[in-house]
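# Structure at a glance
Each chain, written out:
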Amino acid sequence: MTTSGIRVRFAPSPTGFLHLGGARTALFNYLFARHHKGTFVLRVEDTDQERSTGDSIQAIFDGLKWLSIDWDEGPFFQSKRLDLYRNAADRLLSEGKAYRCFCTPEELEERRKEAFAKGIPPRYDGRCRDRSHFPDIPHVLRFRTPDIPEIVVRDLIRGDMRFNGNLLDDWVIIRSDGYPTYNFAVVIDDLDMGISHVLRGDDHINNTPRQITLFEALGAPLPKFAHIPMIHGPDRAKLSKRHGATSVMAYHEMGYLPHALVNYIARLGWSHKDQEIFSRQELIDYFDLDHVGSSPAVFNPEKLLWLNAQYIRNEDPSTLSSELLPFLKPVRHPFSPGPDTKEPNLDRIVEEWKTRVRTLTELAEAVHPFRDQEFSYSSDAMEKHLIPDNKPLILLYSQRFSAISSWTRENLEEVLGSIGLECNLKLGKLAQPLRAALTGQNVSPGIYDVLLLLGRDEVLRRLDRALTFIGQHK
RNA sequence: GGUCCCAUCGUCUAGUGGCCCAGGACGCUGGCCUCUCACGCCGGAAACACGGGUUCGAAACCCGUUGGGACCA
């Protein structure tokens, strides 16, 4: 698998479902790895005991699986690698690059308030740096931040970002409970896993200077960094729960196709000339960091819907049918189309509907009257077409359809044609009442397709039902 | 408040100093096709945040302003 030295990772914290932003970060890492024939590592950053849950871990796996974003190594769990962080910290301690700090949270909070009152940025003052007495009480380990005036983050997407090194304080690397802090565990893991490129959300930009000083203190080469801009909601704030559906799996439930979502999030922040629709292979072939933009993108549900519709109508009917299965409503009153027609074939129904829907949920809704005898008449259909004036026409249909020798498109066209001539009606006037009687709607696939899909027996039954209905409601 | 980032149609974006009085896509909209609705096809409205530079030439480079965002507290 690995033929290049490129190694990337997706490192989610399991504190919720996989949201769109996380999915995109995962996707970009995946695409980058596949494009360069590198290795994609999955690492679960579950050192926050309070907020990490098993359900979240499962939700993240489910989301990645649904989107077919597969990884090469892992999943690794930080909670199972505590020794690694401990050892690294001990090494720093013995080298004098870290030290024990006995300041209590209360003391720190007080000093923070004082600093705030004086209007200076609160930062640890380093008072435990050189202490020689180590009482046997709980303490944290702090990193002895080197005195560097400026730290430059070389970012593959944004270029150089300069930070004032004097603003970094001696941050905690191991908490008093023995757990590593976020920034510490990340660096130790990226190093241990040989990560060559760190592609992550740009909400981590401000963590990078600290991480760089740690890499350097460890004598380790720096990975290359690439910070991907956030995905925003319509209010231009970071996408979150209050923006509605942000869980990847929620899109599954709403009837989106996984590749449509992948295609959509790929194009959010990345582009390849004017192309909008990409196969998985094209995504892999074309993906590059040079064309990842640097400004945040606003999530647009309309465009996702359009893409989903594209994928639905380009999918072959049998694949689509099987994807549709979980969305189908139970059929309570099945019907047999009659001797001239095969069983109502889901593939054929889907074929006729797929250019008219945008989600699998809509498709399931549309398909139902073609599988179940029970359906209701829409108010439009009742007002415009299921009216006494049309009773003779519907009766005529019933008679002529009964008389057809075989139920073929040609014969049906002939029936409608001849009725049109007899009654001096154009196809428009002929088809609508028939459509309303057969489907209960003013909108459906082509009238001949509807007739063929339902079959003679069911068509005659529905015509009878319409006649009865009109009789009762004149 | 501090640090950092960002800025092309409503939205996603193309654009890497002349090909741009700015191209594509979604959405909106006029029309064609047509048995309805879609699909498809043809057209339209719609943007370089502002102000200074640099340059023969700036959407692109630099500075400032404004606006937005993220992180930390």
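Each chain carries its own residue numbering, running from 1 in the written order of its sequence. By the order in which they are written, chains take letters starting at A while ligands take numbers starting at 1. For a predicted model such as this one, the threshold for reporting local features is a pLDDT of at least 70, and the threshold for listing and counting side-chain atom pairs is 80 or more; totals across whole chains, interfaces and linings nevertheless cover every residue. The side-chain figures draw on all heavy atoms in the structure; neither hydrogens nor water molecules are used.

## A few points about the domain arrangement of chain A
The domain boundaries here were taken from an automatic or database domain assignment. For chain A, the domain assignment lists domain 1 (7-80 + 231-310), domain 2 (82-228) and domain 3 (346-472). Contacts between residues were defined by any pair of non-hydrogen atoms, one from each residue, lying within 4.5 Å. At the interface, 9 residues of domain 1 touch 5 residues of domain 3. Three residues, Gly255, Leu305 and Ala309, lead the burial of domain 1 against domain 3; their summed loss comes to 60% of the area buried on that side. Take a side-chain nitrogen of Lys or Arg and a carboxyl oxygen of Asp or Glu: if they are within 4 Å of each other, that pair is a salt bridge. Scanning the region where domain 1 abuts domain 3 turns up 0 salt bridges. Broken down by element, the residue count for the side of domain 1 that touches domain 3 peaks at 4 residues, all from helix H10 (residues 301-314). Each residue is assigned to one class: nonpolar for Ala, Val, Leu, Ile, Met, Phe, Trp, Tyr, Cys and Pro, charged for Asp, Glu, Lys and Arg, and polar for all the others, Gly among them. For the side of domain 1 that touches domain 3, the class distribution of residues is 5 nonpolar, 2 polar and 2 charged. Buried area: the accessible surface (1.4 Å probe) lost by two parts on joining, summed over both. Every helix listed is a DSSP run of H or I at least four residues long, and every strand listed is a run of E at least two residues long, numbered separately from the N terminus.

## As for the sheet that holds strand E2 (residues 39-44)
Pairing between two strands requires that DSSP report at least two bridges joining them. Spatially, the 3 strands line up as an open sheet ordered E1-E2-E3, and their pairing is parallel. With one partner strand each, in any of the chains shown, strand E1 (7-10) and strand E3 (73-77) form the two edges of the open sheet. Shown here is a sheet whose adjacent strand axes are inclined to one another by a mean of 25°, direction ignored. Relative to E1, helix H1 (residues 20-35) is tilted by about 165°, and along the sheet it contacts E1 and E2. Axes here refer to lines fitted to C-alpha atoms; in helices the fit is confined to the stretch in contact. Angles between the N-to-C directions go from 0 to 180 degrees.

## Here we look at the nonpolar core
We define a nonpolar core as any set of buried Ala, Val, Leu, Ile, Met, Phe, Trp, Tyr and Cys residues linked to one another through side-chain atoms lying within 4.5 Å. Burial here depends on accessible area, computed with a 1.4 Å probe over protein chains only, as a share of the maximum for the residue type. Under 20% is buried, over 50% is exposed, and the range in between is partly exposed. Core analysis: the biggest nonpolar cluster contains 106 residues, and Leu324, Phe401 and Leu451 have the highest contact counts within it. The contacts of Leu324, once residues within four sequence positions are left out, are Leu346, Val350, Leu360, Leu363, Ala364 and Val367. Counting 31 residues, the second-largest nonpolar core is a separate cluster that includes Val41, Ala89, Leu141 and Ala217.

## A word on the packing of H1 against helix H8 (residues 258-266)
The contact between H1 and H8 brings their axes to 10 Å, and the two run at 85°. Between H1 and H8, the angle falls in the class roughly perpendicular. Counting all contacts with H1, which are made through Leu20, Ala23, Arg24, Leu27 and Phe28, the residues of H8 involved are Leu261, Val262, Ile265 and Ala266. Classifying every residue of the contact of H1 with H8 gives 8 nonpolar, no polar and 1 charged. Should an angle lie under 35 degrees it is considered roughly parallel, over 145 roughly antiparallel, and from 65 to 115 roughly perpendicular; all remaining angles are considered oblique.

## Re the protein's contact with RNA strand B
Near RNA strand B there are 44 residues, and of these Arg236, Gly269, Thr355, Arg356 and Arg435 occur at the shortest range. Here a residue is near a molecule or strand as soon as one of its heavy atoms is found within 4 Å of it. Of all RNA strand B atoms lying within 4 Å of any protein atom, the proportion belonging to sugar or phosphate reaches 74%. Within 3.5 Å is the distance limit for a polar contact, defined as a pair of N or O atoms, with the added protein rule that one can donate a hydrogen and the other accept it, and that residues adjacent in sequence qualify only through two side-chain atoms. Val298 is positioned with one of its backbone polar atoms (N or O) 2.9 Å from a phosphate oxygen of RNA strand B. Arg356 places a side-chain nitrogen or oxygen 2.4 Å from a base nitrogen of RNA strand B. Secondary structure elements with two or more residues in the surface near RNA strand B: strand E7 (159-164), strand E12 (297-298), H10 and helix H17 (427-439). Top element by residues in the surface near RNA strand B is H17. It accounts for 5 residues. Residue classes in the surface near RNA strand B are distributed as 16 nonpolar, 14 polar and 14 charged.

## As for H10
Expected helix span is given by 1.5 Å per residue-to-residue step, counting one fewer step than there are residues. Taking 1.5 Å of rise per residue, the 14 residues of H10 would be expected to cover 20 Å, and the 20 Å separating its terminal C-alpha atoms lies within 8% of that figure. Buried within H10 we find Leu304, Leu305, Leu307, Asn308, Ala309, Gln310, Tyr311 and Ile312. Where H10 is buried, its residues touch helix H7 (248-253), H8, helix H11 (317-324) and helix H13 (360-367). Taking the backbone nitrogen of Glu302 as reference, a side-chain oxygen 2.9 Å away marks Asn300 as the first, capping residue of H10.

## Some points on the side chain of His385
In this structure, His385 sits in the loop between helix H14 (379-384) and helix H15 (391-403). Owing to a relative accessible area of 13%, His385 belongs among the buried residues under this scheme.

## Quick word on the environment of Pro221
You can see Pro221 is positioned in the loop between helix H6 (208-217) and strand E10 (224-228). The sequence separation of Pro221 and Ser196 amounts to 25 residues, and the corresponding C-alpha distance is 9.3 Å.

## Some details on the pairing of E2
Here E2 lies mainly inside the structure; 6 of its 6 residues are buried. Going residue by residue along E2, you find Thr39, Val41 and Arg43 tucked away on one face and Phe40, Leu42 and Val44 tucked away on the opposite face as well. Handedness rule for crossovers: strands pointing away from the viewer, path from the first strand over the helix to the second running clockwise, crossover right-handed. Read as a crossover between parallel neighbours, the route from E1 over H1 to E2 is right-handed. Sheet topology places E2 next to E3; 3 bridges connect them, and they run parallel. From the neighbouring strand, Val44 faces E3, where its bridge partner is Phe77.

## Here's the deal with the pattern of salt bridges
For the coordinates displayed, the defined rule picks out 28 salt bridges. A salt bridge links Arg7 to Glu73, with the shortest nitrogen-to-oxygen separation between them at 2.8 Å. Here the residue Arg7 occupies a position in strand E1, and Glu73 occupies one in strand E3, the gap between them amounting to 66 residues. Owing to a relative accessible area of 27%, Glu73 belongs among the partly exposed residues under this scheme. Residues joined in a network through salt bridges with shared partners are Arg9, Arg43, Glu45, Arg81, Asp189, Asp190 and Asp192.

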